[in-house]
Structure formats: C-alpha cells, structure tokens
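Architecture at a glance
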Amino acid sequence: MNNQPMIQLIDVRKRFGTQEVLKGINLSIYEGKTTVIVGESGQGKSLILKHILGLVKPDSGKVLVYSKDIYKISRKELKDIRADFGVLFQNAALFDSMTVFENVALPLRERTKASEEEITEKVNEMLKLMDLEGSNEKYPAQLSGGMRKRVGLARALVLNPKIVFFDEPTTGLDIAKSNEIYRVFFRTQTKLRYTSVMVSHDVPKIFKLADYVALLYHGVIQDCLSPEDFQTSDNPVIREFVEKTMGLIYESEQVEG
C-alpha cells in the first residue's frame with residue numbers, strides 16, 4: 001500500500017447562506033482501507049462525500065484525489081478520475097422500470113464498448129458475488145430492502161472502481177439485513193480490493209468493518225483513528241460520542257452472538 005493518501009481534504013470550508021457547515025475539514029483516505037465518517041445527523045457527513053465526488057465546490061481549501069486538486073483540473077481530467085469512482089446511494093437509486101440485470105448492466109452499456117456477451121458475463125459474475133443469482137429478471141419493487149442494496153452495490157462495482165463511496169448504506173434495514181450487507185461489503189472489498197469511504201450512523205456496529213473512524217463534530221473532523229484507538233481516545237468530544245454508543249456495542253454483540 002502506498003503511504004501517500006489516495007484522497008486528501010485540506011482545510012475544506014463550505015457555507016450555505018449564513019451557516020458555515022464545514023469549518024476546515026482535514027481528512028486523509030488511504031488505499032485499500034475502509035474509512036468511516038460518523039457523527040450526529042445534520043453535521044455535514046454526506047456533504048464531505050459530495051466534495052470528494054466533485055458535486056459541490058468548497059468555498060476554500062483543497063480536495064485532492066491522486067494528489068490532484070479536483071477543482072483546479074480540466075473537465076477531462078475530472079472525468080478520468082470519476083471513472084475510478086463507484087457510489088452506493090442511500091436508497092440504492094435503482095431504476096424501477098428496469099430489471100435487476102438491466103440496472104447492473106447500465107454502466108457497462110453507457111461507459112464501455114463491451115459486447116452483449118461480455119456484459120452478460122460480467123453482470124452475472126457481480127450478481128453471483130452478491131448472492132443474487134436468479135434475480136436477473138426481477139424488478140426493484142419485487143425485492144427486499146437488503147436485496148435492493150445489493151443490486152445497487154453490484155451496479156456500483158461492475159466497472160471495477162478503485163474507490164467506492166457509501167452514503168448511509170444500511171438506512172432502513174433491520175439488524176439482520178444490516179449484518180448481511182456488512183458481510184457483503186467485507187467479502188467484495190476483500191475480493192476486489194477497492195478503497196472504501198463510508199458515511200454511517202450505524203455506530204458501533206460499523207466499527208467492525210472500519211479500518212479508520214473519523215468523527216465529524218461542529219464542522220471539524222475531530223480525529224481519524226483505528227476503531228480501537230477511537231474508542232480509547234482522550235479527545236473529550238470523541239469520548240462523549242463513544243460513551244453515548246458503548247451500550248449499543250454490548251447489545252450488538254449479544255444480538256450477533
């Protein structure tokens with residue numbers, strides 16, 4: 001693994017009207033690792049993802065991907081960088097009028113010159129990886145919430161992205177379905193070796209999947225630490241956050257056991 005961060009946010013600030021949401025974000029994302037951004041609702045966690053994706057321009061500061069400031073490069077360079085991105089949206093964002101197969105095949109048809117035979121082979125490979133064999137001709141309305149998430153992940157991964165972004169991936173799922181999704185995340189990342197950036201409210205369960213946990217509080221990343229170091233941090237803001245969630249750790253262990 002390269003010690004140089006794959007993604008860096010340096011003193012990123014963003015204001016909407018009179019409200020400054022991001023007040024100097026500093027965060028490094030490393031290759032092949034899962035970095036999870038946590039914090040209370042309304043703090044701006046998803047806004048950080050939008051800055052990295054090039055969807056929202058910072059008022060000041062830098063967003064570096066592969067050491068390039070994505071807001072100072074050409075459209076072509078940005079397009080080339082985005083070709084390495086996969087995104088799993090909060091609601092999976094599937095097209096209701098398209099089958100599972102058609103949803104997953106869409107990026108291949110839009111962004112590659114693959115033949116139908118190659119597309120079929122690749123889509124079936126991804127659906128098998130997601131434990132979705134036999135679902136090709138189903139429509140999103142016929143799927144459970146967990147299955148829709150897995151179809152969304154298959155579509156996000158079908159072009160073999162180097163970096164995958166997850167925005168609250170277990171929203172709306174019960175404990176069993178959340179655990180199932182986390183197992184799929186772990187299996188696919190182990191196999192495909194992508195870098196993962198995740199926004200999640202599912203604390204402390206998400207600690208088991210994370211290599212690094214970053215706490216966003218009042219517009220600032222308090223620290224970005226391993227799950228073990230995060231839970232024993234001397235930072236008073238992190239300590240307070242951990243104290244609010246420790247009870248759930250024990251409950252989570254009992255549920256899974």
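Residues numbered from 1 in each chain as written. Predicted model: local features only at pLDDT ≥ 70, side-chain atom pairs only at ≥ 80, totals over all residues. Heavy atoms only, no water.

Right, let's get into the nonpolar core. Counting 45 residues, the largest nonpolar core has Met130, Phe185 and Phe230 as its most contacted members. Every element with two or more residues in this core is listed here: β3 (34-38), α3 (100-111), α4 (116-129), α5 (145-157), β7 (163-167), α6 (175-192), β9 (212-217) and α8 (236-256). Once residues lying within four places of it in the same chain are set aside, the contact partners of Phe185 are Leu88, Leu153, Phe166, Pro169, Tyr194, Met198 and Leu209. In this structure, Leu53, Phe85, Val199 and Ala214 belong to the second largest nonpolar core, which totals 29 residues. (Core = buried A, V, L, I, M, F, W, Y, C linked by side-chain atoms within 4.5 Å. Buried < 20%, exposed > 50% of the residue type's maximum accessible area, 1.4 Å probe, protein only. Helix = DSSP H or I, 4+ residues; strand = E, 2+ residues; numbered from the N terminus. Contact = heavy atoms within 4.5 Å.)

This next bit is on the sheet that holds strand β2 (residues 19-29). The antiparallel open sheet is built from four strands, whose spatial order is β2-β1-β4-β5. With one partner strand each, in any of the chains shown, β2 and β5 (68-69) form the two edges of the open sheet. Bridge analysis of strand β4 (residues 60-65) against β5 gives two bridges, and the strand direction is antiparallel. Each residue of the ladder has a partner; that of Leu64, found in β5, is Asp69. The sheet contacts of helix α1 (residues 45-52) involve β1 (7-16), β2 and β4, and relative to β1 the element is tilted by about 115°. (Pairing = 2+ DSSP bridges. Axes fitted to C-alpha atoms, helices over the stretch in contact; angles between N-to-C directions.)

Oppositely charged side chains are able to pair whenever their charged atoms sit close together. Going through the model one piece at a time under the given rule, you end up with 13 salt bridges. Across the pair Glu20 and Arg13 runs a salt bridge whose closest N-O atoms are separated by 3.4 Å. Judged by relative accessible area, which is 29%, Arg13 ranks as partly exposed. Residues joined by salt bridges that share partners form a network here, namely Asp11, Arg13, Arg15 and Glu20. (Salt bridge = Lys/Arg side-chain N within 4 Å of Asp/Glu carboxyl O.)

All right, on to α6 then. For α6, spanning 18 residues, the distance from its first C-alpha to its last is 26 Å, which sits close to the expected 26 Å at 1.5 Å a residue. For α6, the full list of buried residues reads Ser178, Asn179, Ile181, Tyr182, Val184, Phe185, Thr188 and Gln189. Near the N-terminus of α6, the side chain that reaches the backbone nitrogen of Ala176, with its oxygen 3.2 Å away, is that of Asp174. Backbone geometry just after α6 places Arg193 at a positive phi near 60°. (Expected span 1.5 Å × (residues − 1). Polar contact = N/O pair within 3.5 Å; in protein donor to acceptor, adjacent residues only side chain to side chain.)

The contact between α3 and α5 brings their axes to 7 Å, and the two run at 25°. When the interaxial angle is binned, α3 and α5 end up roughly parallel. Every pair of crossing elements has a handedness; the one defined by α3 and α5 is right-handed. Mapping the contact onto sequence places Val100, Asn103, Val104 and Pro107 in α3 and Val151, Ala154 and Arg155 in α5. Among the residues forming the contact of α3 with α5, the class breakdown is five nonpolar, one polar and one charged. (Parallel < 35°, antiparallel > 145°, perpendicular 65-115°, else oblique. Left-handed = near helix turned anticlockwise from the far one by under 90°. Nonpolar A, V, L, I, M, F, W, Y, C, P; charged D, E, K, R; others polar.)

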